[in-house]
Amino acid sequence: MSDAEAVEVELSAVLKSTQEMLNEEKWTRATLGNYSAAQFKELDVILKECQEARLYEELKNLCDEHLNHTKNSIIALYISGMIALSRQIIDDSAIVNLVNIFVDNHKWVIVKYLCEGILEYGESKFALRTLAECYRNENNEEGIYGIWERLVKVDIEEAELAKSLAERYEKLGDIEATVDYYKKALHRYINKAVYKEVKDIWEKLLDYIPEDLDFFLSVQKKIAKNIDKEKAGVLLKDLYEICKKRNDTSTSIAILKIVLEYDDRDIQARREITDCYRRQYAGHSQLEDYIRISSLAQGPRNVREAITDFEKHIAFDKGNFVYHRTWGVGRIASVQGDDIVIDFAKKRNHSMSLKMAVNALQTLSKNHIWVLKAIWKKEKLHEKVKNDYQWALKTVIRSFDNSCDIRRIKAELVPQVLSPGEWAGWSTKARDILKSDPNFGVSPENIDLFTVRDRPISLEEKLYNEFKAEKSFFDRVTTIREFVSRKDAEIDSEYFTEMFSYFTTYLKSYNQVSEQVVASYLLVKDLVTKYPHLGTGLSLNFTEIFNAIEDIPVLFLNLKDVKLREEFLRHIKLFISNWANIYVNLFPYALSPGIIQQLKAGGSEDSLTAMTANSFENFRDFREAVVWLFKNSCAEEWYQKANIPYEKQLITLIHILDISYREIENHRDTTENRKINKQVYNILFTEGTLSRFIAEADGYTILRIYTFINDVKDLDPADKIKLRNVILEKFPDFKFLGEEEKKATVLGLIVTMAKYQEKQRQLAKLIAEDVPANSREIEFAKSLGDLRENAEYKAALEKQAILNATLAKLSDEIERAQRFDPSTISTSRAGFGTKVTLKNSSSGKEESYTLLGPWESDPDNNVISYLSPFGGTLLNKEVGEQFDFTANNEKISYVVEKISAAL
């Protein structure tokens, strides 16, 4: 017996045995009382054997089929459910139903065994909650708390248990754990908008970690957003009182500003901030005057305007620095009442009023980069900036309201401090520092703006802040990937929870499937595969999402992430039955070698052939696909079966070259068109494809190819000259077409609809009947043997050459054909579709001619082509117009007597 036969026997035996077990369970109507944990252990043995024999798929299908008509089969539910868990299948309904059956019947020993089995494959909120219930029935308090800790980690919405754990550790005196769980509970209650719990926990944390100002200032933003701004202001007042007791005036002012931003009518907060300013600027000579002028302490003026005005004025004191857009940096020499004297480098002892100074000057701190450039020696500043990156970055960023992008940093340092050459290396390291140093962050409004932190920030909080600042959905995808890629990534942290929730929101509520919905599904599924507990409560069904997509190619192009595109294609292959057709339709947009490989492996080479033919036929829509296929697949058998004449392939590439030049000139998709243009140019000219083809082609073919090339007006004339030289080397007497001939060749043929349809029928017959019949003739002739003396084979090959030439010529003519609309006929001039009556002045006879195209030409019946010499002469002639025409060395004079419609 072969190995394959042995496997087949083993498969049949296992499935048969399982089927017998299922039938016995059904026929004997086994009660729940007959089941014990020992029996499930026996089923575990069967599962292990099946796993080793790689029979999981067949076994699960058998049990799922059984459940269709026996939904409460214990054996089927267990086997199907455990296989689903082992394969990380998100649908865990089978095992959940099984556990609930035993819970309802209070079989806690079995419930515990099942839940512990589930948890061996990863954390599950359902299994943990149920296991906690088991421990409650056992009065196992330690076990319950252990389960609660695991639950709080995996259930990002669980607030009550987090608070209970905090209270437990509070009793035990474990402050670190207490704070950790209170923080978790606080964030979750904020998300639930339960203000009472938020207030209680806020007060608890103020007792334990009053120094963690960043935490409180960050949390208050969430409270203001999710609950209420004024309530956030109330909580901030508690934080303010702590800072006040510590004499931390700067932080106190910052907190009170937020309070007044939330409620500008808070009189008490206004009084408090005025007192804070008095303490901060106690030695300022003009303090009380500036408080009065700005109406800071009281009055009808809006408090935020008053604060802004006060801070402008208070900066004007002796010894402080200012900036004027004409005179540069200056230093205040004195302040006497309303008169200020300033020493600028080029304008000493300049006097101006306080009001003018406030409006005309910008106040600068003594560490502002402009001040340092003005008062430090250039060599000193250069060395400091060059060697102390952190100091330089902090100095520049803080100089501009603690918000600065890399371009501004460069503008301040180059060339006054660093040379352009020095900047190249300096900026690389500076970017790394801005990215990784915990003392730097980003603005929550703009990812490009860097800030300096008063207190160091953790890397995970730094990434979280970047995530919030990102405006692009796909940039956020990159950021959350970076977050989870870290070895110490805390998946149960509130930072990750908020980022993850951003994507799950797309899956919970959508009216139509957008690229964001698909991307969220793919990202979330990937994260759930790594961390199964994240999938609890989520319904993830790719087939359902995919079937709701309105335009698959457009959505694919809008997935601005390479990994997500690859996953999208992989899921189509896994879950969509007609994946091959979808792959074919997507290839012109995806241009993925993987698609080609999958289609070949799946036996869909005919589809690849059809796709190739369609891409060339509709090259204007699929330019990139044509270029990719020609460059990467022209040697493939499925490509060649498309039967696209090589000349037509080259002409198509020339058309694409011309189109890309015109698109670039019109500034449409410039980057993409430059890319296509470069690829085609390299194929045709750099790689010598055109030159090689011309070396083997006949004169007529060369004429056609060159005519198309010559019509690409933006092509470098040097390339055209080189091509002409190649042609002249082969055909020294070759004559290139004149402008009129070129126009007739390139612009195509004007044809009637009847003739166009007739030619299409001829082409269809060639493709559907004549070519296949010839192929059969060739195959039959080959079967006769000895091809050297095989007359039938030679005749069949000659016929094939004629058919291919006819097919190529007819396809090209149809492609160039322009169908004529009879409703556009004008009888004011001779043109296509008109009948022209002439008087032959030489013979005195009347002659009539119908002007049509070369397809309709019938000289015996006086139907002539507008491309013929006589037809071309007739074009655009008017009634009464006289003209001469020479035929067979005889000059004949005509007069146009009548023009009428012929169609």
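About the cut-offs
Residues numbered from 1 in each chain as written. Predicted model: local features only at pLDDT ≥ 70, side-chain atom pairs only at ≥ 80, totals over all residues. Heavy atoms only, no water. Salt bridge = Lys/Arg side-chain N within 4 Å of Asp/Glu carboxyl O. Helix = DSSP H or I, 4+ residues; strand = E, 2+ residues; numbered from the N terminus. Buried < 20%, exposed > 50% of the residue type's maximum accessible area, 1.4 Å probe, protein only. Phe/Tyr/Trp six-rings, centres within 6.5 Å; stacked < 30°, edge-to-face > 60°. Pairing = 2+ DSSP bridges. 1 Å grid on protein atoms, 1.4 Å probe; cavity = no way out; pocket = protein on both sides within 12 Å on 5 of 7 lines; lining within 4 Å. Points joined across faces, edges and corners; volume = space filled by probe spheres on them. Lys, Arg positive; Asp, Glu negative; His and termini not counted. Polar contact = N/O pair within 3.5 Å; in protein donor to acceptor, adjacent residues only side chain to side chain. Contact = heavy atoms within 4.5 Å. pLDDT = per-residue confidence, 0-100. Axes fitted to C-alpha atoms, helices over the stretch in contact; angles between N-to-C directions. Parallel < 35°, antiparallel > 145°, perpendicular 65-115°, else oblique. Left-handed = near helix turned anticlockwise from the far one by under 90°. Expected span 1.5 Å × (residues − 1).

Our focus in this paragraph is the pattern of salt bridges. Under the defined criterion, the tally for this structure stands at 51 salt bridges. Salt-bridge contacts for Asp-275 lead to Arg-278; the nearest nitrogen and oxygen are separated by 3.7 Å. With a gap of three residues between them, Asp-275 and Arg-278 both fall in helix 15 (residues 267-280), about one helical turn apart. Of the residues examined, Asp-275 reaches a relative accessible area of 35% and is grouped as partly exposed. What makes Arg-278 partly exposed here is its relative accessible area of 30%. In this structure, the salt-bridge partner of Glu-758 is Lys-755, at a minimum N-O distance of 3.5 Å. Remark: Lys-755 and Glu-758 occur in helix 42 (residues 753-783); sequence separation between them is three residues, near one turn of the helix. With relative accessibility at 31%, the residue Glu-758 sits in the partly exposed group.

Cis geometry marks the peptide bond from Val-414 to Pro-415, where omega comes out at 5°. With respect to the helices and strands, Pro-415 occurs in the loop between helix 22 (406-413) and helix 23 (420-436). Of note in the backbone geometry, Ser-295 takes a positive phi value of approximately 60° without being a glycine. Its place among the elements puts Ser-295 in the loop between helix 16 (287-294) and helix 17 (303-314). Judged by relative accessible area, Ser-295 falls into the partly exposed class, the value being 25%. Positive phi, normally seen in glycine, also occurs at Asn-876, with a value near 70°. Positionally, Asn-876 belongs in the loop between helix 44 (869-874) and strand 13 (882-887).

In this section: the packing of aromatic side chains. Evaluation of the coordinates by the stated rule reveals 46 aromatic pairs. Judged by centre distance (5.8 Å) and plane angle (80°), the rings of Phe-40 and Phe-102 are edge-to-face. Residue Phe-40 is located in helix 2 (residues 37-52), and its partner Phe-102 is located in helix 5 (residues 93-104); the two are separated by 62 residues in the primary sequence. Note on Phe-542 and Phe-575: the rings are 6.1 Å apart at their centroids and 45° apart in plane angle, and the pair reads as tilted. In this pair, Phe-542 is assigned in helix 28 (residues 542-547) and Phe-575 in helix 30 (residues 562-575), connecting sequence segments 33 residues apart.

Attention shifts here to the pairing of strand 1 (residues 321-324). Here strand 1 pairs with strand 2 (residues 328-336) via four bridges, running antiparallel. Looking across to strand 2, one finds that Val-322 is bridged to Gly-330. Here strand 1 folds back onto strand 2 in antiparallel fashion, the turn holding three residues. Pairing between strand 1 and strand 5 (residues 362-364): three bridges, direction antiparallel. Paired with Val-322 across the bridge in strand 5 is Thr-363.

On to the layout of surface pockets, then. Approximately 1,000 Å³ is the volume found for the second largest pocket. Contributing to the lining of the second largest pocket are 34 residues, with Asn-191, Lys-222, Asn-226, Glu-498 and Ser-501 lying nearest its centre. Only helix 10 (175-192), helix 12 (213-226), helix 24 (459-469) and helix 26 (494-508) provide two or more residues apiece to the lining of the second largest pocket. With eight residues, the top contributor of residues to the lining of the second largest pocket is helix 26.

With that out of the way, let us pick up the side chain of Lys-462. Following the sequence through the fold, Lys-462 ends up in helix 24. In this structure Lys-462 is buried but unpaired, with Glu-466 as the nearest side chain of opposite charge at 5.3 Å. Among the polar contacts listed, one links the side chain of Lys-462 to the backbone oxygen of Leu-434, at a separation of 3.1 Å. Setting aside its immediate chain neighbours within four residues, Lys-462 contacts Leu-434, Lys-435, Ser-436, Asp-437, Phe-440, Gly-441 and Ile-457.

Turning next to the confidence of the model for the protein chain. Taken residue by residue, the protein chain gives an average pLDDT of 87. The fraction at 70 or more is 95%. Considering only residues more than four positions removed or in separate chains, one finds that residues 738-747, a stretch of pLDDT under 50, has 14 contacts.

With that settled, consider the environment of Arg-481. Within the fold, Arg-481 resides in helix 25 (residues 473-485). Arg-481 sits 42 residues away from Leu-523 along the chain, and the two C-alpha atoms are 8.9 Å apart.

Turning our attention to the packing of helix 34 (residues 623-633) against helix 36 (residues 646-665). Angle between the axes and distance between the axes are the two parameters that describe a pair of packed helices. At a closest axis distance of 11 Å, the pairing of helix 34 and helix 36 adopts a crossing angle of 135°. Relative to helix 36, the element helix 34 is oriented oblique. Along this stretch, helix 34 crosses helix 36, giving a crossing that reads as left-handed. Along its contact with helix 34, which presents Arg-623, Val-626, Val-627 and Phe-630, the element helix 36 presents Tyr-646, Gln-649, Leu-650, Thr-652, Leu-653, Ile-656, Ile-659, Ser-660 and Glu-663.

Here is the key point about a regular strand: its side chains alternate between the two faces of the sheet. Counting buried positions along strand 10 (residues 834-840) gives five out of seven residues, so the element sits mostly inside the fold. Examined bridge by bridge, strand 10 and strand 14 (residues 890-901) share seven bridges and lie antiparallel to one another. Bridge pairing in strand 14 places Leu-838 opposite Val-896. Of the pairings in the sheet, the one linking strand 10 to strand 11 (residues 846-852) comprises five bridges and is antiparallel in character. Looking across to strand 11, one finds that Leu-838 is bridged to Glu-847. The antiparallel hairpin formed by strand 10 and strand 11 contains five residues in its connecting segment, where Gly-844 sits at a positive phi of about 80°.

If you trace the five strands from one edge of the open sheet to the other, you get 12-11-10-14-13, paired in mixed fashion. Edge positions in the open sheet fall to strand 12 (863-865) and strand 13, since each of these has one partner strand only. Across the sheet, the mean angle separating the axes of adjacent strands is 45° when strand polarity is ignored.

Structurally, the position occupied by Glu-494 is in helix 26. Engagement of the side chain of Glu-494 in a polar contact is seen with the side chain of Arg-188, the distance being 3.4 Å. For Glu-494, the contacting residues outside a window of four places in its chain are Lys-184, His-187 and Arg-188.

This part covers the sheet that holds strand 2. With antiparallel pairing, the five strands of this open sheet are ordered in space as 4-3-2-1-5. Looking at which strands have only one partner, the edges of the open sheet turn out to be strand 4 (347-353) and strand 5. Neighbouring strand axes in the sheet, compared pairwise and without regard to direction, differ in orientation by 40° on average.

Turning our eyes to something else, we now look at helix 8 (residues 141-154). Taking 1.5 Å per residue, 14 residues should reach 20 Å; helix 8 reaches 20 Å between its end C-alpha atoms and fits that length. Buried within helix 8 are the following residues: Gly-143, Ile-144, Tyr-145, Ile-147, Trp-148, Leu-151, Val-152 and Val-154. Elements that come into contact with the buried residues of helix 8 comprise helix 7 (125-137), helix 9 (160-172) and helix 10.

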